[in-house]
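# Descriptive structure summary
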2 protein chains.
Amino acid sequence: MPRAVAGPEIERLIQLLARVPGLGPRSARRAALHLIKKREQLMSPLASAFEDVLGKICTCRVCGNIDVRDPCSICIDDTRDPALLVVVADVADLWALERAAALNARYHVLGGTLSPLDGIGPDDLNLAALVGRVQGGTVTEVLLALGATVDGQTTAHYITELLREANVKVTRLAHGVPVGGELDYLDEGTLSAAIRARTSF
Amino acid sequence: MPRAVAGPEIERLIQLLARVPGLGPRSARRAALHLIKKREQLMSPLASAFEDVLGKICTCRVCGNIDVRDPCSICIDDTRDPALLVVVADVADLWALERAAALNARYHVLGGTLSPLDGIGPDDLNLAALVGRVQGGTVTEVLLALGATVDGQTTAHYITELLREANVKVTRLAHGVPVGGELDYLDEGTLSAAIRARTSF
């Protein structure tokens, strides 16, 4: 435990900042000092942004997304294709797909992936609501945008079985060479998948 | 400008977090999501830490340190040696020296270093107060804990001249091999300084 360099209020601020992902104990000190120096331009707006979010944040009852309204901005967006439903494990994945801006669909956030080792079973995921949405009849394609990990693929297989009776097309993301990726840094599994799924030029 | 992935309140939070040193646009999203998920355990305490610091923070009128009281915790600490005054450029340097816990002295924060290129002259630094403190008579040694940079050394020379009339010993930090440092990674200037200042074993 290093010696306290300032009053307990500042020490507490540093300790809390150190728990923010991306900051460690050392960078938390630097961040705290910067926030203190820029208190009018940065700390004060950040404090009110926190209050704003804390007062309004909620989980969308339709899709499980996190937003300041329920249903969320995406669920109430009429310009999105209601026929395509994209299943993601986490809100972070939804955000990543939205940044790619390659989809104009609705989402369904599972809240994790099946993981027997971590004791996460089907009842721990937002699966009943998914079946309900698909059975509603508007959805024609369910895109399983899950990680290419064992847990992600197990979850994908489970959902495919779950939706076998429903009259929908179930798809998954393509495997292949990441854009900007060098071949000699790629693992064999990715290269094999990219070769199998090769397309004409 | 990437597409907004959530309501304006969350986007604003991400934009503000991206301005915190140590976080970039990508890690700010990750931090925002973590803060939202851990809102009870982390975002809420952080919001109140911000309010606490914002309400109390001030600059010490004696030494220029930043604290929640004026004079600061260090200036009112009677257990510190009043004869040794450590001059630093910035509060960050004061914090670094305090973490090292090798001193039990008072500090004087200049608020920068002389930098003709950046237009920072003697009047921009907290120098008049330094001379006043030294002339007070209690201080017997002024340790110039300034960076081993051109600006740091220029400032050190300027202060040495400024205090020539005062009856105090002016010292500076030793140059040498950093603890844990490998010789073959060190620059020639550091190695030469370490050789010149070699000590018997």
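All residue numbers refer to position in the chain's written sequence, counted from 1. Think of it this way: whatever chain is written first is A, whatever ligand is written first is 1, and the rest follow in order. Owing to the predicted nature of the model, reporting of local features is limited to residues with pLDDT of at least 70; listing and counting of side-chain atom pairs is limited to 80 or more, with chain, interface and lining totals taken over all residues. Calculation of side-chain values draws on the structure's entire complement of heavy atoms; hydrogens and water are dropped beforehand.

In this section: the interface of chain B and chain A. At the junction of the two partners, chain B supplies 57 residues and chain A supplies 57 residues. Summed over both sides, the interface between chain B and chain A buries roughly 5,600 Å², with carbon and sulfur atoms accounting for 71% of that surface. A side-chain nitrogen of Lys or Arg and a carboxyl oxygen of Asp or Glu constitute a salt bridge if their distance falls within 4 Å. Counting across the interface, chain B meets chain A through four salt bridges. For Glu9 of chain B, the salt bridge identified is with Lys56 of chain A, shortest N-O distance 3.0 Å. In protein, a polar contact requires one atom able to donate a hydrogen and another able to accept it; more generally it is a pair of N or O atoms within 3.5 Å, and residues adjacent in sequence count only if both atoms are side-chain atoms. Across the contact surface, chain B and chain A share six residue pairs in polar contact (both at pLDDT 80 or more). Only DSSP runs of H or I covering at least 4 residues are called helices, and only runs of E covering at least 2 are called strands; the numbering of each starts at the N terminus. Going through the elements one at a time, α1 (8–17), α2 (25–37), α3 (39–56), β2 (66–67) and α4 (91–100) of chain B are the ones with two or more residues in the side of chain B that touches chain A. Broken down by element, the residue count for the side of chain B that touches chain A peaks at 15 residues, all from α3 of chain B. Classifying every residue of the side of chain B that touches chain A gives 32 nonpolar, seven polar and 18 charged. The contact criterion used is simple: two residues touch if any of their non-hydrogen atoms lie within 4.5 Å. Summed over both partners, buried area is the accessible surface (1.4 Å probe) that two parts give up on being assembled. The classification used treats Ala, Val, Leu, Ile, Met, Phe, Trp, Tyr, Cys and Pro as nonpolar, Asp, Glu, Lys and Arg as charged, and all other residues, Gly among them, as polar.

Once that is clear, we can look at the pattern of salt bridges. Per the stated rule, a full pass over the model turns up 18 salt bridges over all chains. Salt-bridge contacts for Arg69 of chain A lead to Asp67 of chain A; the nearest nitrogen and oxygen are separated by 4.0 Å. Accessibility expressed as a relative area gives 1% for Asp67 of chain A, which makes it buried. Connected via shared salt-bridge partners are Glu9 of chain A together with Asp52 and Lys56 of chain B. Residue exposure (1.4 Å probe, protein chains only): buried if accessible area is under 20% of the type maximum, exposed if over 50%, otherwise partly exposed.

Our next topic: the relation of the copies chain B and chain A. Superposition of the copies used a least-squares fit over C-alpha atoms from residues whose pLDDT is at least 70 in both. Turning chain B through 180° and shifting it by 0.0 Å along the axis lays it on chain A, with an RMSD of 0.1 Å. As the rotation angle and translation indicate, the two copies are arranged about a two-fold axis. In terms of C-alpha distance to the rotation axis, chain B has Ala47 of chain B as its closest residue, with the C-alpha 2.7 Å off the axis.

A separate point is the sheet that holds strand β3 (residues 81–88) of chain B. Residue and element names in this part refer to chain B. Only strands joined by at least two bridges in the DSSP assignment are considered to pair. A sheet is described by the order of its strands in space; here four strands give the open sequence β4-β3-β5-β6, paired in parallel fashion. At either margin of the open sheet sits one strand with a lone partner, and together these are β4 (105–109) and β6 (169–172). Each strand of the sheet is rotated relative to its neighbour by a mean of 25°, with strand direction disregarded. Examined bridge by bridge, β3 and β4 share five bridges and lie parallel to one another. Bridge pairing links Val88 to Val109 in β4. Lying over the sheet, α4 contacts β3 and β4, oriented at roughly 160° with respect to β4. Sheet strands touched by helix α5 (residues 127–135): β3, β4 and β5 (141–144). Its angle to β4, the strand with the most contacts, is close to 150°. Throughout, an axis means a line fitted to C-alpha atoms (over the contacting stretch in the case of helices), and angles, computed between N-to-C directions, take values from 0 to 180 degrees.

As a further point, take the packing of helix α2 (residues 25–37) of chain A against α4 of chain B. Taken N-terminus to C-terminus, the directions of α2 of chain A and α4 of chain B make an angle of 145°; their axes are 10 Å apart at the nearest point. For the element pair α2 of chain A and α4 of chain B, the recorded crossing hand is right-handed. Across from Arg26, Arg29 and Leu33 of chain A in α2 of chain A, the residues of α4 of chain B making contact are Val91, Ala92, Trp95 and Arg99 of chain B. Tallied by class, the residues present in the contact of α2 of chain A with α4 of chain B amount to four nonpolar, no polar and three charged. For any pair of crossing helices, the crossing counts as left-handed if the nearer helix is rotated counterclockwise from the farther one by less than a right angle, and right-handed if it is rotated clockwise.

The accessible area lost on association of the parts is a frequent measure of interface size. All names here are of chain A. What counts as a domain boundary in this text is fixed by an automatic or database domain assignment. Each domain of chain A was delimited in the assignment, giving domain 1 (35–77) and domain 2 (80–172). Computed over C-alpha atoms only, the centres of domain 1 and domain 2 are separated by 25 Å. Listed by partner, the interface residues are eight residues for domain 1 and twelve residues for domain 2. Carbon and sulfur atoms make up 54% of the area that domain 1 and domain 2 hide from each other, which totals about 830 Å². Taken together, the connections running from domain 1 to domain 2 amount to one salt bridge. Residues Asp77 and Arg80 are paired through a salt bridge, measuring 3.1 Å at the closest nitrogen-oxygen approach. Taken together, the links from domain 1 to domain 2 amount to five residue pairs in polar contact (both at pLDDT 80 or more).

Residue and element names in this part refer to chain B. Most of β3 is tucked away: six of the eight residues are buried. Crossover handedness is defined by viewing with both strands directed away from the observer: a clockwise path from the first strand over the helix to the second marks the crossover as right-handed. With α4 bridging β3 and the parallel β4, this β-α-β connection has right-handed handedness. Pairing geometry for β3 and β5, over four bridges, is parallel. Within β5, the residue paired with Val86 across the bridge is Leu143.

Residues and elements named next belong to chain A. Taking strand neighbours across the sheet as the criterion, the four strands line up as β4-β3-β5-β6 in an open arrangement whose pairing is parallel. At either end of the open sheet lies a strand with only one pairing partner, and these are β4 (105–109) and β6 (169–172). Between one strand and the next, the sheet's axes are offset by a mean angle of 25°, whatever the strand orientation.

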